[in-house]
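# Fold and geometry: a report
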Amino acid sequence: IGAPVAVSAQASLDASAENIWIESTIEDDAGEEQLLVRVTDDGVGMTAEELPHFFDLGFSSKRDDVKRIGEKGHGTKIVYNSAHVRVCTKHLDDPHVVLVAEMDAPKRGLNRAVKEGLPPPPVKLSKAAVSGSEILDQSTNGTTVAIRGYDGNNVAAFAHGALRDYIQLFTAWGAVSAISG
């Protein structure tokens, strides 16, 4: 269960974040429980050119940077198996603008784009006054990834302890270098 959220945690390191915040809640949506996972970081944020590529499995602007992880894999694919993904970001160069990218049923949208030979998957882009994340709204830069119906809305399998252990054991956030600098 930790791998998909760890994707956002790893991306936070690539964005030079010093902190990440992970929040999970179960919300009632017309009588159905919906697992909502929100990951926020204080990294440099994404530009309007970079943001649409969040949903592109094959693209990473950091792939050739030896100081960055810059890859997408299994965890990203599980995030795509969610009902809705919303990414809000503030870039250091434009800290008063919140850029938003959203996709309903990302897996279906991505599959359709690939099968039909479309460029990037269909992503709804907009600007917002606020992100919905108190942390991001109060800072000058960073990114929040909100995942509704996370991992096929597998509410029963989501556990905070397992997530914490996964991040500490299998990501750069848990590495000794992250602690010691």
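As a starting point, this report considers the structure included with it.

Conventions we followed
- Residues numbered from 1 in each chain as written.
- Predicted model: local features only at pLDDT ≥ 70, side-chain atom pairs only at ≥ 80, totals over all residues.
- Heavy atoms only, no water.
- Helix = DSSP H or I, 4+ residues; strand = E, 2+ residues; numbered from the N terminus.
- Contact = heavy atoms within 4.5 Å.
- Areas by Shrake-Rupley, 256 points an atom, 1.4 Å probe, with all protein chains shown as cover.
- Patch = residues over 30% accessible without salt bridge, like charges linked within 9 Å, V, L, I, M, F, W, Y side chains within 5 Å.
- Salt bridge = Lys/Arg side-chain N within 4 Å of Asp/Glu carboxyl O.
- Lys, Arg positive; Asp, Glu negative; His and termini not counted.
- Charge placed at Lys NZ, Arg CZ, Asp CG, Glu CD.
- Buried < 20%, exposed > 50% of the residue type's maximum accessible area, 1.4 Å probe, protein only.
- Polar contact = N/O pair within 3.5 Å; in protein donor to acceptor, adjacent residues only side chain to side chain.
- Arc of directions from axis to C-beta.
- Pairing = 2+ DSSP bridges.
- Axes fitted to C-alpha atoms, helices over the stretch in contact; angles between N-to-C directions.
- Core = buried A, V, L, I, M, F, W, Y, C linked by side-chain atoms within 4.5 Å.

Looking only at helices and strands, the protein has seven helices and six strands in total. Taken from N to C terminus, the helices and strands of the protein fall in the order α-β-β-α-β-β-α-β-α-β-α-α-α. Long-range contacts, defined as pairs at least 24 residues apart, comprise 67% of the intrachain contacts of the protein with a sequence gap of at least 6. Summed over all atoms, the accessible surface of the protein reaches about 9800 Å², with 52% contributed by carbon and sulfur.

What follows is about a negative patch on the surface. Together, Asp 28, Asp 29, Glu 32 and Glu 33 make up a negatively charged patch on the protein surface. Counting only elements with at least two residues in the negative patch, the list comes to β1 (20–29) and β2 (32–41). As for its position among the elements, Glu 33 is in strand β2.

With that settled, consider the environment of His 84. Residue position: His 84 is located in strand β3 (residues 84–90). By relative accessible area, His 84 is classed as buried at 17%. Placed 23 residues apart in sequence, His 84 and Lys 107 show a C-alpha to C-alpha distance of 9.7 Å. Discounting residues that sit within four places of it in the chain, His 84 has contacts with Glu 102, Met 103, Asp 104, Ala 105, Pro 106, Ala 146, Ile 147 and Arg 148. Of note is the side chain of His 84, whose polar atom sits 2.9 Å from the side chain of Glu 102.

A few words on helix α3 (residues 106–115). If you check which residues of α3 are buried, you get Pro 106, Gly 109, Leu 110 and Ala 113. Looking straight down α3, one finds that the buried residues subtend no more than 95° of arc, so they occupy a single side. For α3, exposure combined with an orientation more than 90 degrees from the buried face picks out Arg 108 and Lys 115. Note on α3: the residue one or two positions beyond its end, Gly 117, has a positive phi of about 65°.

Once that is clear, we can look at the sheet that holds strand β4 (residues 98–104). Taken together, the six strands give an open sheet; going across it, the order is β1-β2-β6-β3-β4-β5, and neighbouring strands pair in antiparallel fashion. Sheet topology places β1 and β5 (124–128) at the edges, where each strand pairs with a single neighbour. The sheet shows a mean angle of 15° between the axes of neighbouring strands, direction not considered.

Further remarks concern the nonpolar core. Considering soluble globular proteins, one finds that nonpolar side chains tend to be buried as a cluster. Counting 21 residues, the largest nonpolar core has Phe 55, Val 85 and Val 87 as its most contacted members. Of all the elements in the fold, those that place two or more residues in this core are β2, α2 (74–80), β3, β4, β6 (142–148) and α6 (160–170). Every residue in contact with Val 87, bar those within four places of it in the chain, is listed here: Met 46, Leu 51, Phe 54, Phe 55, Leu 99, Val 100, Ala 101, Thr 143, Thr 144 and Val 145.

This next bit is on the pairing of β6. Within β6, six of the seven residues are buried, which leaves it mostly tucked inside the rest of the structure. Here six bridges tie β2 to β6, and the two strands are oriented antiparallel to one another. Along β6, the bridge assignment pairs Asp 41 with Thr 143.

This part takes up the pattern of salt bridges. Taken as a whole and assessed by the stated rule, the structure comprises three salt bridges. Residue Glu 23 pairs with Arg 38 through a salt bridge whose shortest N-O separation is 3.1 Å. Remark: Arg 38 occurs in strand β2 and Glu 23 occurs in strand β1; sequence separation between them is 15 residues. Among the ionic pairs, Arg 148 bridges to Glu 27, the shortest N-O distance being 3.0 Å. With Arg 148 in strand β6 and Glu 27 in strand β1, this pair connects stretches of sequence that are 121 residues apart.

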